[in-house]
Amino acid sequence: MTRHVRWAALAVMVAAMSCDSGPKAGEIVAELVTPQQTLGAAMFRVSAVEPYAIDSVTPACSGCRTFTSRVSERELRGVVTGSLSAGPLVRVMVSDRDAQSGYSILLLQLAATTYEIVSLGGSSLTFPAPK
């Protein structure tokens, strides 16, 4: 009888470990879509709907730096500087990486490497669908 009890306890433990349905904190990467070739800075706003939250933002592009300001638990504003081009721009640490539809990112302004403001025409920031 004790052997059956051990197997039952083991089965319950395995089932409990496989039922991890809670939020999974992690990162989602925002990509810059732009026809511009010589960018030096991008200003953005990232936000979350309740109950999700944004923890931090770090650069996803090589040699870039980010500067952020927290508006609330659900909103950060920031600037990425460096040699920017189309592709991964920032990593956003979120409370639930599997709920990507609960987060949005908006491109507010672009600047050239000469610090001149650049038109946003044809440019945006997106969270691509998970692969």
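Please refer to the structure higher up on the page.
What counts, and at which threshold
Residues numbered from 1 in each chain as written. Predicted model: local features only at pLDDT ≥ 70, side-chain atom pairs only at ≥ 80, totals over all residues. Heavy atoms only, no water. Helix = DSSP H or I, 4+ residues; strand = E, 2+ residues; numbered from the N terminus. Buried < 20%, exposed > 50% of the residue type's maximum accessible area, 1.4 Å probe, protein only. Contact = heavy atoms within 4.5 Å. Areas by Shrake-Rupley, 256 points an atom, 1.4 Å probe, with all protein chains shown as cover. Pairing = 2+ DSSP bridges. Axes fitted to C-alpha atoms, helices over the stretch in contact; angles between N-to-C directions. Polar contact = N/O pair within 3.5 Å; in protein donor to acceptor, adjacent residues only side chain to side chain. Phe/Tyr/Trp six-rings, centres within 6.5 Å; stacked < 30°, edge-to-face > 60°.

> Even after reading the chapter, I still don't get the overall build of the protein chain, so can you show me in this structure?
Each helix and strand counted, the protein chain has one helix and nine strands in total. Its helices and strands taken in sequence order, the protein chain reads α-β-β-β-β-β-β-β-β-β from the N to the C terminus. When the 131 residues of the protein chain are sorted by exposure, 33% land in the buried category. Within the protein chain, contacts between residues separated by at least 24 positions form 71% of all contacts whose residues are at least 6 apart in sequence. Of the accessible surface of the protein chain, which amounts to about 8,100 Å², a share of 57% is contributed by carbon and sulfur atoms.

> What exactly am I supposed to notice about unusual backbone geometry here?
The phi torsion of most residues other than glycine is negative, and most of the peptide bonds are trans. Residue P51 is reached from E50 by a cis peptide bond, and omega for that bond is 15°. Within the secondary structure layout, P51 lies in the loop between β2 (39-48) and β3 (54-59). Positive phi, normally seen in glycine, also occurs at Y115, with a value near 75°. For Y115, the position within the fold is in the loop between β7 (103-112) and β8 (117-118).

> Sorry, what's going on with the sheet that holds strand β9 (residues 124-126) here?
To summarise the sheet geometry, strands pair through backbone hydrogen bonds and adopt either a parallel or an antiparallel arrangement. The sheet built from four strands is open, its strands ordered β3-β6-β1-β9 with antiparallel pairing. The sheet is open, and its two borders are formed by β3 and β9, each paired with just one other strand. Strand after strand, the sheet turns through a mean of 25° between neighbouring axes, direction not considered. With three bridges connecting them, strand β1 (residues 26-33) and β9 associate as antiparallel partners. When the sheet's bridge partners are listed, V33 is paired in β9 with S124.

> Please explain the side chain of D96 as it appears in this structure.
Locating D96 in the fold gives a position in the loop between β6 (87-94) and β7. Looking at D96, its side chain comes within polar contact range of the main-chain nitrogen of K24, at 3.4 Å. If we ignore the near neighbours within four places in the chain, the residues touching D96 are P23, K24, A25, Y52 and Y103.

> Could you clarify how one ought to interpret the packing of aromatic side chains in this entry?
For any pair of aromatic rings, geometry is given as the distance between the ring centres together with the angle between the planes. In this structure the tally under the stated criterion is one aromatic pair. Aromatic pair Y52 and Y103: ring centres 5.6 Å apart, planes at 45°, arrangement tilted. Residue Y52 is found in the loop between β2 and β3, and its partner Y103 is found in strand β7; the two are separated by 51 residues along the sequence. The exposure class assigned to Y103 is buried, which follows from its relative accessible area of 6%.

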